[in-house]
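So the chains spell out like this:
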Amino acid sequence: MLQPLRQGLPPLDPAAVSNAASCSLPARYEAVREARRFTRTTLDQWDLGDRFDDVCLVVSELVTNALRHATPAGERPDDEPQPSVRLHLMRWTERLVCAVRDASEAGPVARETDDDFSAESGRGLFLVDSFSDSWGWHPLAGALGGKVVWALFRLPSR
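So, a few notes on the structure that sits alongside this text. Model, not experiment: these values are computed from the prediction.

1. Let's talk about the packing of helix α1 (residues 31-45) against helix α2 (residues 52-70)
Piece 1. As a packed pair, α1 and α2 sit with axes 9 Å apart at the nearest point and diverge in direction by 150 degrees. Classified by chirality, the crossing of α2 by α1 is right-handed. Where α1 abuts α2, its residues Ala31, Val32, Ala35, Arg36, Thr39, Arg40 and Leu43 lie against Phe52, Val55, Cys56, Val59, Ser60, Val63, Thr64 and Leu67.
Piece 2. Of the residues contributing to the contact of α1 with α2, the split by class is 10 nonpolar, three polar and two charged.

Structure (structure tokens):
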């Protein structure tokens, strides 16, 4: 169910993107609220407000994971700016992709499905898998470094 984790986006023609939006989020937990607000505004503009609940849950989990695991507190001097997390929303005719970029090169690690589901944390990737149609991640090359974790949602034909 949660495999394979390391994979690129499924084949999508970049020329067919009908809408795209992105925002930079600060490396603090208030950024999750900002990500939800950005997602709400963007989906409303794209007339996809009916998908907000599922997409927002996934965006919240992806941003939370990036903040929790990719920007650990205390590793950088106070005078060095902390790397931000970047949220990208891209819409094709029948697909919506939410992608979260962070500075860590370590891939996401899903807990085993037989873990305690009453725990207060550790279910993020299970929720992403449950509420999106597919998801994955890939490392970034070049000056950016880090990785992108993405989730794909199928949209009804109009």
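Picking up where we left off.
2. Overview of the nonpolar core
Piece 1. The biggest cluster of nonpolar side chains holds 32 residues, and the ones touching the most others in it are Leu25, Val59, Val63 and Leu87.
Piece 2. Elements supplying a minimum of two residues to this core: β1 (19-25), α1, α2, β2 (85-91), β3 (95-102), α3 (124-131), β4 (134-139) and β5 (147-154).
Piece 3. With nine residues, α2 is the single largest residue contributor to this core.
Piece 4. Residues contacting Leu87, with those up to four places away along its chain left out, are Ala21, Ser22, Cys23, Leu25, Ala35, Phe38, Thr39, Val59, Ala99 and Val100.
Piece 5. Counting six residues, the second largest nonpolar core, distinct from the first, contains Val97, Ala99, Val148 and Trp150.

3. What to know about unusual backbone geometry
Piece 1. Within the chain, Asp47 stands out as a residue other than glycine whose phi angle is a positive 60 degrees.
Piece 2. In this fold, Asp47 is placed in the loop between α1 and α2.

4. Comments concerning the sheet that holds β1
Piece 1. Taken in spatial order, the five strands line up as β1-β2-β3-β5-β4 in an open sheet, and their pairing is antiparallel. Every other strand in the sheet has two partners, leaving β1 and β4 as the edge strands with one partner each. For this sheet, the mean inter-axis angle between neighbouring strands, taken without regard to orientation, is 15 degrees.
Piece 2. Strand direction decides the pairing type here: β2 and β3, joined by six bridges, are antiparallel. Paired with Met90 across the bridge in β3 is Val97.
Piece 3. Across the sheet, α1 touches β1, β2 and β3, and the angle it forms with β1 is around 165 degrees.

Here is what the cut-offs are and how they apply
- Each chain carries its own residue numbering, running from 1 in the direction its sequence is written.
- In keeping with the model being predicted, local features are shown solely for residues with a pLDDT of at least 70 and side-chain atom pairs are shown and tallied solely at 80 or more, while totals for entire chains, interfaces and linings include all residues.
- The basis for every side-chain value is the complete set of non-hydrogen atoms in the structure, without hydrogens or water.
- Where helices are involved, their axes are fitted lines through C-alpha atoms of the stretch in contact, as for all axes, and angles between N-to-C directions lie from 0 to 180°.
- Only DSSP runs of H or I reaching four residues or more are called helices, and only runs of E reaching two or more are called strands; each is numbered from the N terminus.
- Left-handed describes a crossing whose near helix is turned anticlockwise from the far helix by less than a right angle; the clockwise case is right-handed.
- Should any heavy atoms of two residues lie within 4.5 Å, those residues are counted as being in contact.
- Under the convention adopted here, Pro, Cys and the residues Ala, Val, Leu, Ile, Met, Phe, Trp and Tyr are nonpolar, Asp, Glu, Lys and Arg are charged, and Gly plus all remaining residues are polar.
- In this text, buried Ala, Val, Leu, Ile, Met, Phe, Trp, Tyr and Cys residues form a nonpolar core when linked through side-chain atoms within 4.5 Å.
- Throughout this description, buried means an accessible area under 20% of the type-specific maximum (1.4 Å probe, protein chains only), exposed means over 50%, and partly exposed covers the range between.
- At least two bridges found by DSSP between two strands are what make those strands a pair.

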